[in-house]
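Summary of the model geometry
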Amino acid sequence: MITPPDRTPLPREFFDRPVLEVAPDLLGRTLVRTTPDGPIALRLTEVEAYDGPNDPGSHAYRGRTARNDVMFGPPGHVYVYFTYGMWFCMNLVCGPEGRASAVLLRAGEVLEGAELARKRRLSARNDKELAKGPARLATALGVDRALDGTDACDPGETPLKVLTGTPVASDQVFNGPRTGVAGEGGVHPWRYWVADDPTVSPYRAHVPRRRSS
């Protein structure tokens, strides 16, 4: 059987590039999450780049730790982290190996398996909100730390894979400051999104959190 071009998995070479090249090129690609209940596929519409040692907003800015180890490669692996004590967020690691960088998957349009995503996202008012934001995206796909380190480029069976999909035309790719990132890391215009797409999350500047007493 011949695989349609848009269903062809992206090779590791796609991710083995500078993160600022990979991030906008991920828009329009199809992310497939295979679960015991069936597959969920979504079209990526919003991402954010994090450039390791050059980026105060990156988890790897201060070096390698047990938490961020996957960010150092190989490229094409999945980095999942837990945030605010309640949410998971999903990233795709970029190359070269040994130099930490990754793309945060911020939003997408669910193409297949919406009924499965709805069961996980009961608060979503409509299908456009199922994966509108990085925590919502991970929740809709059933992504947690158990998937940290998954090889999305594995040619065999894998719970997460990125397909070629339909890349977005360059004039439809917008970029601006990253949302909710504090300090020097917040000024980089490294958030990329598909123009006028209703699944893209709204921009929010970082708001300092009050410490509990």
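What you see is a predicted model, and the numbers here were worked out from it, not measured in a lab.

1. Side note on the overall build of the protein chain
The helix and strand inventory of the protein chain stands at 4 helices and 8 strands. Relative to its length of 213 residues, the protein chain is compact, with a C-alpha radius of gyration of 16 Å against a globular reference of 17 Å. Counting only C-alpha atoms and orienting by the principal axes, one finds that the protein chain spans roughly 55 × 40 × 35 Å. Here the contacts in the protein chain between residues at least 6 apart in sequence split such that 62% fall between residues at least 24 apart. Put simply, the protein chain shows about 10,700 Å² of open surface, and 53% of that area lies on carbon and sulfur atoms. Once the 27 positive and 26 negative side-chain charges of the protein chain are each reduced to a mean point, those two points are 8 Å apart.

2. Focus: the side chain of T199
Mapped onto the secondary structure, T199 falls in the segment after β8 (191-194). A polar side-chain atom of T199 sits 2.8 Å from a polar atom in the side chain of T45. A polar contact of 2.6 Å, which involves the side chain of T199, links it to the side chain of D197. Not counting residues up to four positions away in its chain, the partners in contact with T199 are T45, A107, G108, E109, K128 and K132.

3. A short note on the side chain of R29
Structurally, R29 can be placed in the loop between α2 (19-25) and β1 (30-35). Of the residues examined, R29 reaches a relative accessible area of 7% and is grouped as buried. Residues contacting R29, with those up to four places away along its chain left out, are L10, F14, L42, R43, L44, V162, L163, T164, G165 and P167.

4. As for the environment of L10
As for its placement among the helices and strands, L10 is situated in the segment before α1 (12-15). For the pair L10 and A152, spaced 142 residues apart in sequence, the C-alpha separation works out to 8.7 Å. Excluding its chain neighbours within four sequence positions, the residues that come into contact with L10 are F15, L26, R29, C153, V162, L163 and T164.

5. Describing the packing of aromatic side chains
As enumerated under the stated definition, the model contains 4 aromatic pairs in all. Measuring from ring centre to ring centre gives 5.1 Å for F14 and F15, while their planes differ by 75°; the resulting arrangement is edge-to-face. Like F15, F14 is buried. Looking at R17, its charged tip hangs above the ring of F14, at a distance of 4.6 Å from the centre.

6. Structural notes on unusual backbone geometry
Cis peptide bonds are those with omega within 30 degrees of zero, and the linkage from G73 to P74 qualifies with 5°. Take P74: it is sitting in the loop between β2 (38-50) and β3 (78-83). That bond from G95 to P96 is cis: its omega, -5°, falls within 30 degrees of zero. Mapped onto the elements of the fold, P96 is located in the loop between β4 (87-93) and β5 (102-112). Residue D196 is not a glycine yet carries a positive backbone phi of 60°.

About the criteria used
- Residues numbered from 1 in each chain as written.
- Predicted model: local features only at pLDDT ≥ 70, side-chain atom pairs only at ≥ 80, totals over all residues.
- Heavy atoms only, no water.
- Helix = DSSP H or I, 4+ residues; strand = E, 2+ residues; numbered from the N terminus.
- Rg over C-alpha atoms; globule rule 2.2 N^0.38 Å.
- Contact = heavy atoms within 4.5 Å.
- Areas by Shrake-Rupley, 256 points an atom, 1.4 Å probe, with all protein chains shown as cover.
- Lys, Arg positive; Asp, Glu negative; His and termini not counted.
- Charge placed at Lys NZ, Arg CZ, Asp CG, Glu CD.
- Polar contact = N/O pair within 3.5 Å; in protein donor to acceptor, adjacent residues only side chain to side chain.
- Buried < 20%, exposed > 50% of the residue type's maximum accessible area, 1.4 Å probe, protein only.
- Phe/Tyr/Trp six-rings, centres within 6.5 Å; stacked < 30°, edge-to-face > 60°.
- Lys NZ or Arg CZ within 6 Å of the ring centre and 35° of its normal.

Any link to function would need more than the numbers given here.
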